[in-house]
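Observations on the model geometry
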Amino acid sequence: MTGAGGSIIVTDAGFAVPVPGERFVPLAILGEATPRAVDLAPEDDPAALAPLLHAIAAIRIAFPVFSDGRGFSLARDLRRMGFRGRLRAAGHLIADQYPLARACGFDEVEIGAELAARQPEADWRCAACRGRGYLDRIKGPEPNPG
Amino acid sequence: MYAYAEFDEDFVRARVRQFRDQVERRIDGRLTEDEFKPLRLMNGLYLQLHAYMLRVAIPYGTLNSRQMRQLAMVADRWDRGYGHFTTRQNIQFNWPRLRDVPDMLDALADVGMHAIQTSGNCVRNVTADPFAGAAADEIADPRPYAELLRQWSTDHPEFQFLPRKFKIAITGAEEDRAVTRAHDIGLRLLRQGGETGFEVSIGGGLGRTPMLGRVIRAFLPEADLLPYVEAILGVYNRLGRRDNKYKARIKIAVHEMGLETLRELVEARFVKTRAEFGGADRAMLAGIAGHFAPPASCHGPETIPPGSPAFRAWCDTNLTRHRRADHAIVTVSLKTPGQVPGDVTAAQMRVLADLAERYGHDDLRISHRQNVVLPHVRKADLPAVFEALAGAGLAAANAGLVSDIIACPGLDYCALATARSIPVAQRIALRFEALKLEHEVGPLRLNISGCINACGHHHVADIGILGLERAGVETYQMTLGGDPTVTAAIGERTGPGFSSDEIVGAVERIVLAYLDLRRDAEETFAEVFRRVGLGPFQQVLYEGGEATDAA
Ligand code: SF4
């Protein structure tokens, strides 16, 4: 069960193949017309996308290695800027990072076939079940007094 | 002290289950060693020279007797009957087996302890003034803020894969006993016109490029603490260097980008992070603060009962003024000359737990100087406390003196070490014990690191020693004039290093030179150094001369 490039999309519902035909355009080569889907590298400054965000359906942020956490801040920045479309983390993320990615605003994770074989769907589902973190509690509204 | 809420309990248990599962997946190969490494590091598990090492967090250095007893149990059951307290107020167990670690973590969770984020490229255990809540010079108690920061940083989804580790220290007193200027973020509580806030510094750190933190915000209202810290971390996570691990700490970003640029970025981000905190953090802080109310009052005489000369000598060095006239802060030295600095046996841990329970409001602290503190002891109880400590080999009357040496584990344990530090510390302490000079010398800081990573904080000691390896031989470099307090300074190198055989004599010459040079017993080493500079000390080190005293 793999997509064209052998990649797998992980969501809360488990593994799926990528939607065929979805084409991501790297931020560096954006032309005049706003594409439906954009690729961001970890070092990209999302400020460049600010005027276009309402028209973009999906943004994919690259994770070259799982220990490079820049994408987590990028995702939160895009959500802060008001991006409501689909946010995808792609590359080397491991199952244990899935809850972090979700908490930072990602909707889905794209992984390669090799990783999907080594860390099967059950590992990702197990990680997805992890409960609320401290941050959700701390950032909540003030509880009603009394 | 803070007691786990149901949420903390659930979280820590879930984390242990998760780690148990990760250990299994590592063993059956679903996780590669590369992938497992950051996961085990996030749970405090290092691979050292001879074995794994488990570093357990003692948040802001505070624990109760039940927790101390459990550490003793863990040491006996899964380790070799002792533990080692570090300069970051953690405890390290040096000999655990991988398959036992999940059980050790469960045992720690039984008493509300964990090893989360004591390692790895994340926000580490927040350190604080070991005298918090007791010191006479305290402006406000830093522990509630430290606990709030602990909760905020724990498993923070954005900041688990930072460019490098990130250390925060906090103090609420006039004197800085938490070395805040040597941390990625240093927080000093201040009062300004009735308002409480923080002086926030960033970019401090020792290691191969020692730098003192610089003030990014002179006064941050305390209500803005989390959003401001979150803004600093966000900027660092995006822009900190990832191409070279030696240039990845935030101090390098401050150095390369400039403090002004970083301040602008942080302040701009802060506007957004501020808006995301809805008030729950304030309610949580208020709840946490309730756990740190001053101990129920128990009165006593304001004078210390008479006792033996040994008791009086111990009182002279190991007590600090408490905010209450009928109490004292007791520093239990883990530096009896000849012992390994910071090591404590399971039996000693139990004695300390008993004393805290019986005489100390069930409160124990670990200081960054690798000692144990009983922060609230009635003066009337001091003789009994002293007797019990003496019976356990814990009554060394040397807190703050030259033999109260900070030493990292060095080549006896650490995989990164270039030289041994423990035996050097032992020999120096024994030498000064034989000289019977250190009480005359008075307070003096001597710190030893076994490699350039500087875990022994040698840069901020009066006398700093750095162990290196030159052509297969251990050699010890000396720095002088470092200062960890509000007048923070990085020590200056004296010149060529000394062999292992020479280093004890070199330290002795420096101490004698200080005695010669000081105007009176009140003039500290740091003051003398600022007045006379490196020259006279170099003379006694390298020219075999006497310290030439101009007077
Ligand atoms: S200073 Fe070096 S030798 Fe000492 S504990 Fe740190 S890394 Fe190890």
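Procedures and definitions
- Residues numbered from 1 in each chain as written.
- Chains lettered and ligands numbered in written order.
- Predicted model: local features only at pLDDT ≥ 70, side-chain atom pairs only at ≥ 80, totals over all residues.
- Heavy atoms only, no water.
- Buried < 20%, exposed > 50% of the residue type's maximum accessible area, 1.4 Å probe, protein only.
- Helix = DSSP H or I, 4+ residues; strand = E, 2+ residues; numbered from the N terminus.
- Pairing = 2+ DSSP bridges.
- UniProt positions renumbered as here; feature names shortened; annotations may be inferred.
- Salt bridge = Lys/Arg side-chain N within 4 Å of Asp/Glu carboxyl O.
- Near = heavy atom within 4 Å.
- Nonpolar A, V, L, I, M, F, W, Y, C, P; charged D, E, K, R; others polar.
- Phe/Tyr/Trp six-rings, centres within 6.5 Å; stacked < 30°, edge-to-face > 60°.
- Core = buried A, V, L, I, M, F, W, Y, C linked by side-chain atoms within 4.5 Å.
- Domains from an automatic or database assignment.
- Contact = heavy atoms within 4.5 Å.

Glancing now at the pairing of strand S19 (residues 473–480) of chain B. All names here are of chain B. Counting buried positions along S19 yields seven of eight residues, so the element is predominantly enclosed. Of the strand pairs in this sheet, strand S18 (residues 463–470) and S19 are connected by eight bridges, and their pairing is antiparallel. In the strand pairing of S19, Ile465 is matched with Met478. A loop of two residues connects S18 with S19, the two strands running antiparallel in sequence, and Ala471 in this loop sits at a positive phi of about 50°. The pairing of S19 with strand S21 (residues 498–499) spans two bridges and is antiparallel. By the bridge assignment for S21, Tyr476 is matched with Phe498.

This brings us to the UniProt feature "domain: Nitrite/sulphite reductase 4Fe-4S" (unreviewed entry) in chain B. Residues and elements named next belong to chain B. Mapped onto this structure's residue numbering, the UniProt feature "domain: Nitrite/sulphite reductase 4Fe-4S" (unreviewed entry) falls at residues 119–270 and 404–541. When the span residues 119–270 is considered, its composition is 30% helix and 20% strand, and the gap between its end C-alpha atoms is 27 Å. Counted over residues 404–541, helix gives 37% and strand 19%. Its end C-alpha atoms are 22 Å apart.

A side chain with one charge may pair with a side chain of the opposite charge, provided their charged atoms come close. Scanning the model with the defined rule gives 67 salt bridges over all chains in all. Residue B:Arg97 is joined to B:Asp100 by a salt bridge in which the shortest nitrogen-to-oxygen separation is 3.2 Å. Under the relative-accessibility criterion, B:Arg97 is labelled partly exposed at 48%. Owing to a relative accessible area of 11%, B:Asp100 belongs among the buried residues under this scheme. One connected set of salt bridges, linked through shared partners, spans A:Asp45, A:Arg76, A:Asp77, A:Arg80, A:Lys139, B:Glu158, B:Glu230, B:Arg238, B:Arg269 and B:Glu276.

Time to look at the site of the ligand. In the vicinity of the ligand, the contacting residues are B:Cys408, B:Pro409, B:Gly410, B:Cys414, B:Leu416, B:Ala417, B:Gly450, B:Cys451, B:Asn453, B:Ala454 and B:Cys455. Looking at the shell around the ligand residue by residue, the classes come out as eight nonpolar, three polar and no charged.

This next bit is on the packing of aromatic side chains. Counted by the stated rule, this structure contains 21 aromatic pairs over all chains. A centroid spacing of 6.2 Å and a plane angle of 15° characterise the contact between B:Phe19 and B:Phe36, whose relative ring orientation is stacked. Of this pair, B:Phe19 sits in helix H1 (residues 6–28) while B:Phe36 sits in helix H2 (residues 33–42), placing them 17 residues apart in sequence. By the burial criterion, B:Phe19 is buried, and B:Phe36 matches it. The structure contains a cluster of three or more aromatic residues connected by ring pairs, namely A:Phe63, A:Phe66, A:Phe72, A:Phe106 and B:Phe161.

Residue and element names in this part refer to chain B. Reading across the sheet, the five strands line up as S3-S14-S15-S12-S11 and stay open at both edges, with antiparallel pairing between neighbours. What marks the edges here is a single partner per strand, and that holds for strand S3 (62–63) and strand S11 (319–321). Where strand S14 (residues 364–366) and strand S15 (residues 372–378) come together, two bridges link them in antiparallel fashion. Within S15, the position partnered with Arg365 by the bridge is Val373.

Okay, the nonpolar core next. Residues A:Ile59, A:Ile61, B:Met68 and B:Trp314 are the most contacted members of the largest nonpolar core, which totals 96 residues. The dominant element in this core, judged by the number of residues it contributes, is helix H11 (residues 346–359) of chain B, at seven residues. Residue assignment places this core across two domains, with domain 1 (6–109) and domain 3 (309–391) of chain B each supplying three or more. Those residues in contact with A:Ile59, other than ones at most four positions away along the chain, are A:Phe24, A:Val38, A:Leu40, A:Leu49, A:Leu53, A:Leu78, A:Phe83, A:Arg86, A:Leu87 and A:Arg88. Core analysis: the next-biggest nonpolar cluster, separate from the first, contains 53 residues, A:Leu135, B:Leu189, B:Ile216 and B:Leu259 among them.

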